[in-house]
Amino acid sequence: MDIAPIDEFSSAQISLRVFGKINLFLQVDGVESNGYHKLLTVFQPVDLYDDVHLSLRSSGDCHLVRYAGRVCGTNIFGDKDLCIRALNIFLDKYRAEVDSNCSDYFDIFVNKMIPVQGGMAGGSVDAAGVLRLLNEYYGFPFNTVTLEELAARLGADVPFGVRNVLSVGNRYGDVIEPLELPSCSDSNGIFPVEEYCWLLILNKVGLSTPDVFAELDRLYALNDGVEKGVSGGDCASFCADGLGGVSDKKKDIVCLKQDIVFAYRDSYSLAKEIRNDLEIAALSLYPKLSHILVEGIRGGALRGFISGSGPTCVLLCESESKAEQIRQYLANIDYLSDVIDEMLVVSNVSL
Ligand code: C5P
C-alpha cells in the first residue's frame, strides 16, 4: 500500500495521528426504540493509523476534505463525510459560545491506512481527530468531555477517538471510560503482558454497520427473541485447543473491567476473555470470514474474532514471529485469496 509522502502536505498547520481499534469485547444488550443497540464494549487501539492534517483555507466558501492511502480524492463522501460533519458541529458550537463572527473554512487532509467499513472505527477516529485539531487551532476552548459530547452526535464510535486510548464503551458504545492497566512494576506482579500481537486480516469487501446490526436483530428474532444461542457461544469454535469455551454470560461494567484488567496479564487469559456478539451477524452476511478464522486457528493463533461489525478479522498470536508464520500460512491458502486484501501484524497502542 502506497502512503502519500508527508511533505506533500507540509502546508498543514497542525496534524494528529489517530489509531484504529479492535473490540476485545462487545456485548449487545438489546435494541432501543431509537433503533440503537445497547452495548458494553472494550476498545483497544492498535498501531494501524490515519494521519489527519488541518489547515485554514485562505479563500473559498466551503470545507475541503482530501484523502490518500486506502481511498483517494477530494470530498468523495459528500455531506455524509464524518470529517465535514465534525467541522460543522464544532464550528456551530464555537460560533454559539465563543466567536459569533467566525467564518473560517478548513482544508483537511487524511492519509488513510485504517480500512474503510472495516469495523476498526477509521472514519470515526478521523472525525474525532478533526474535533481535537480544531480545538487545538482555537486555543482549547472546550474540554475533553465537551468534545466527547460533540463526538457522540457524530456516531457511536466517535467518542472513543477523542482520547483514543484503551477504553470501555457503555450505552451505545459512546459513553467512554478509559481503562488503566497496572504498570509493569505493579505489586500484584501480574504484568507485563507477554509479547503477543494481533494479525489483522483486511478483506476485499466492506460491511455496513447498520446492516450488521439489522442482521443480528433478524437472527435474534429467528431465535424467538432469545439472544443466547446465536451470540457469544458460537465464538468458542475460533479458540485454540485447550482454551475451553468462551463464556456468553452477560456481564455488567464492573465485572467487565475487572475481567479485562485480569485478562491482560497473559495472552491465554486474554484469548478467553475476547467476545463479540456481532460476530455471528457479520459471519452470516459474509460466511467466508469464518474460513479465515478457522484457518487462523489451524495456523496457530490463540483466538480468532471479528472486530466490531467487521469484516476485519483479528487473530491473537503469542508472538510476532508466530504472527508472521500464520500470515504465511494464510497467504498460501488458495481459496482465501479472493477474500483477503491485506494482512498486517500490529500491536496495542498505549498513549
Ligand atoms: O452511530 P453510528 O452512526 O456509527 O451507527 C451506525 C448505525 O449502526 C446506526 O444507525 C445503527 O443502525 C447501528 N448501531 C446500533 N447500535 C449501536 C451503534 C450503531 O444499532 N450501539
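Model, not experiment: these values are computed from the prediction.

Asker: Could you clarify how one ought to interpret the site of the ligand in this entry?
Answerer: What surrounds the ligand is the set Gly-35, Tyr-36, His-37, Leu-39, Gly-155, Ala-156, Tyr-172, Thr-209, Pro-210 and Phe-213. In the model, an oxygen atom of the ligand is placed 2.8 Å from a nitrogen or oxygen of the Ala-156 main chain. Compared with its free state, where it exposes 450 Å², the ligand has 73% of that area covered by protein. Cavity membership is defined here by more than half of the atoms lying within 2 Å of grid points; on that basis the ligand lies in the largest pocket. The set of elements that each furnish at least two residues to the shell around the ligand consists of β2 (37-56) and α5 (209-222). Per-element accounting of the shell around the ligand gives the leading share, three residues, to α5. Tallied by class, the residues present in the shell around the ligand amount to six nonpolar, four polar and no charged.

Asker: Even after reading the chapter, I still don't get unusual backbone geometry, so can you show me in this structure?
Answerer: Glycine aside, residues mostly have negative phi angles, and peptide bonds mostly take the trans form. Here the bond from Gly-310 into Pro-311 is cis, since omega is 5°, no more than 30 degrees from zero. The residue Pro-311 is located in the loop between β10 (303-306) and β11 (313-317) in this model. One non-glycine residue, Ala-121, lies in the positive phi region at around 65°. Of note, Ala-121 is situated in the loop between β5 (106-112) and α2 (122-137). Of note, the phi angle at Phe-140 is positive, near 60°, even though the residue is not glycine. By secondary structure assignment, the location of Phe-140 is in the loop between α2 and α3 (144-154).

Asker: Honestly, the packing of α2 against α3 in this entry has me stumped. Any pointers?
Answerer: Geometry of a packed helix pair, given as the angle between the helix axes and the separation of the axes. Look at α2 against α3: their axes get within 10 Å of each other, and the N-to-C directions meet at 145°. Crossing of α2 against α3: the hand is right-handed. Between α2 and α3, the residues in contact are Ala-127, Leu-131, Arg-132 and Asn-135 and Leu-147, Leu-150, Ala-151 and Leu-154, respectively. For the contact of α2 with α3, the class distribution of residues is six nonpolar, one polar and one charged.

Asker: Just to check I follow, could you spell out the sheet that holds β11 for this structure?
Answerer: Strands belonging to one sheet form pairs held by backbone hydrogen bonds; the direction of such a pair is parallel or antiparallel. Taken in spatial order, the four strands make up an open sheet running β10-β11-β8-β12, and their pairing is antiparallel. The open sheet is flanked by β10 and β12 (340-346), the only strands paired with a single partner. Ignoring which end each strand starts from, the neighbouring axes of this sheet average 20° apart. Sheet topology note: the strand β8 (residues 197-203)/β11 ladder contains five bridges and is antiparallel. Bridging from a neighbouring strand, Trp-198 pairs with Leu-316 of β11.

Asker: For this particular structure, what's the right way to read the nonpolar core?
Answerer: As a rule of thumb, soluble globular proteins bury nonpolar side chains together. Among the nonpolar cores identified, the biggest contains 70 residues, and Ile-22, Phe-90, Leu-131 and Trp-198 are the most heavily contacted of them. Ranked by residue count, the leading element in this core is helix α1 (residues 82-97), at eight residues. Setting aside residues up to four positions removed in sequence, Leu-131 forms contacts with Ala-86, Ile-89, Phe-90, Leu-147, Leu-150, Ala-151 and Leu-154.

Asker: Would you mind going over the packing of aromatic side chains with me for this structure?
Answerer: For any pair of aromatic rings, the description rests on two quantities: the centre-to-centre distance and the angle between the ring planes. Considering all chains together, one arrives at 13 aromatic pairs under this definition. Considering the side-chain rings of Phe-106 and Tyr-137, the 5.2 Å spacing of their centres and the 90° angle between planes classify their relative orientation as edge-to-face. Placement of Phe-106 in strand β5 and of Tyr-137 in helix α2 is noted, with a sequence separation of 31 residues between them. Using a relative accessible area of 27% as the deciding quantity, one classes Tyr-137 as partly exposed. A ring pair is formed by Trp-198 and Phe-305, whose centres lie 6.0 Å apart and whose planes are at 80°; its orientation type is edge-to-face. Pair noted here: Trp-198 is in strand β8 and Phe-305 is in strand β10, with a separation of 107 residues, a long-range link. Each member of the pair, Trp-198 together with Phe-305, is buried. Each member of the aromatic cluster is reached from another via a ring pair, and the members are Phe-90, Tyr-94, Phe-106, Tyr-137, Tyr-138 and Phe-142. Its end group placed over the ring of Tyr-49, Arg-17 keeps NZ or CZ at 3.7 Å from the ring centre.

Asker: Please clarify how the side chain of Asn-164 should be interpreted in this entry.
Answerer: Of note, Asn-164 is situated in the loop between α4 (158-163) and β6 (167-170). A distance of 2.8 Å separates a polar side-chain atom of Asn-164 from the backbone nitrogen of Phe-19.

Asker: Is there a simple way to think about the pairing of strand β1 (residues 14-31) in this case?
Answerer: Sheet faces and side chains relate simply in a regular strand, where the side chains alternate between the two faces. By the criterion of burial, β1 is predominantly enclosed, with 14 of the 18 residues buried. Where β1 meets β2, 14 bridges bridge the pair, whose relative direction is antiparallel. Looking at β2, one finds that Val-28 is bridged to Leu-39. Between the end of β1 and the start of β2, which pair antiparallel, lie five residues, with Gly-35 showing a positive phi angle near 90°. As defined by bridge partners, β1 adjoins strand β9 (residues 275-276) across two bridges and the pair is classed as parallel. Bridge assignment links Leu-26 to a residue of β9, and that residue is Asn-276.

Asker: Can you help me understand the layout of surface pockets in this one?
Answerer: Over the atoms a probe the size of a water molecule is rolled, and this reveals where empty space is left. Empty space within the largest pocket amounts to approximately 1100 Å³. Together, 43 residues line the largest pocket, and Leu-82, Ser-124, Asp-157, Thr-209 and Pro-210 are the ones closest to its centre. Those elements that provide at least two residues to the lining of the largest pocket are β1, β2, α1, α2 and α5. Residues of the lining of the largest pocket, tallied by class, amount to 19 nonpolar, 16 polar and eight charged.

What counts and how
- Residues numbered from 1 in each chain as written.
- Predicted model: local features only at pLDDT ≥ 70, side-chain atom pairs only at ≥ 80, totals over all residues.
- Heavy atoms only, no water.
- Near = heavy atom within 4 Å.
- Polar contact = N/O pair within 3.5 Å; in protein donor to acceptor, adjacent residues only side chain to side chain.
- Areas by Shrake-Rupley, 256 points an atom, 1.4 Å probe, with all protein chains shown as cover.
- 1 Å grid on protein atoms, 1.4 Å probe; cavity = no way out; pocket = protein on both sides within 12 Å on 5 of 7 lines; lining within 4 Å.
- Sits in = over half its atoms within 2 Å of the grid points.
- Helix = DSSP H or I, 4+ residues; strand = E, 2+ residues; numbered from the N terminus.
- Nonpolar A, V, L, I, M, F, W, Y, C, P; charged D, E, K, R; others polar.
- Axes fitted to C-alpha atoms, helices over the stretch in contact; angles between N-to-C directions.
- Left-handed = near helix turned anticlockwise from the far one by under 90°.
- Contact = heavy atoms within 4.5 Å.
- Pairing = 2+ DSSP bridges.
- Core = buried A, V, L, I, M, F, W, Y, C linked by side-chain atoms within 4.5 Å.
- Buried < 20%, exposed > 50% of the residue type's maximum accessible area, 1.4 Å probe, protein only.
- Phe/Tyr/Trp six-rings, centres within 6.5 Å; stacked < 30°, edge-to-face > 60°.
- Lys NZ or Arg CZ within 6 Å of the ring centre and 35° of its normal.
- Points joined across faces, edges and corners; volume = space filled by probe spheres on them.

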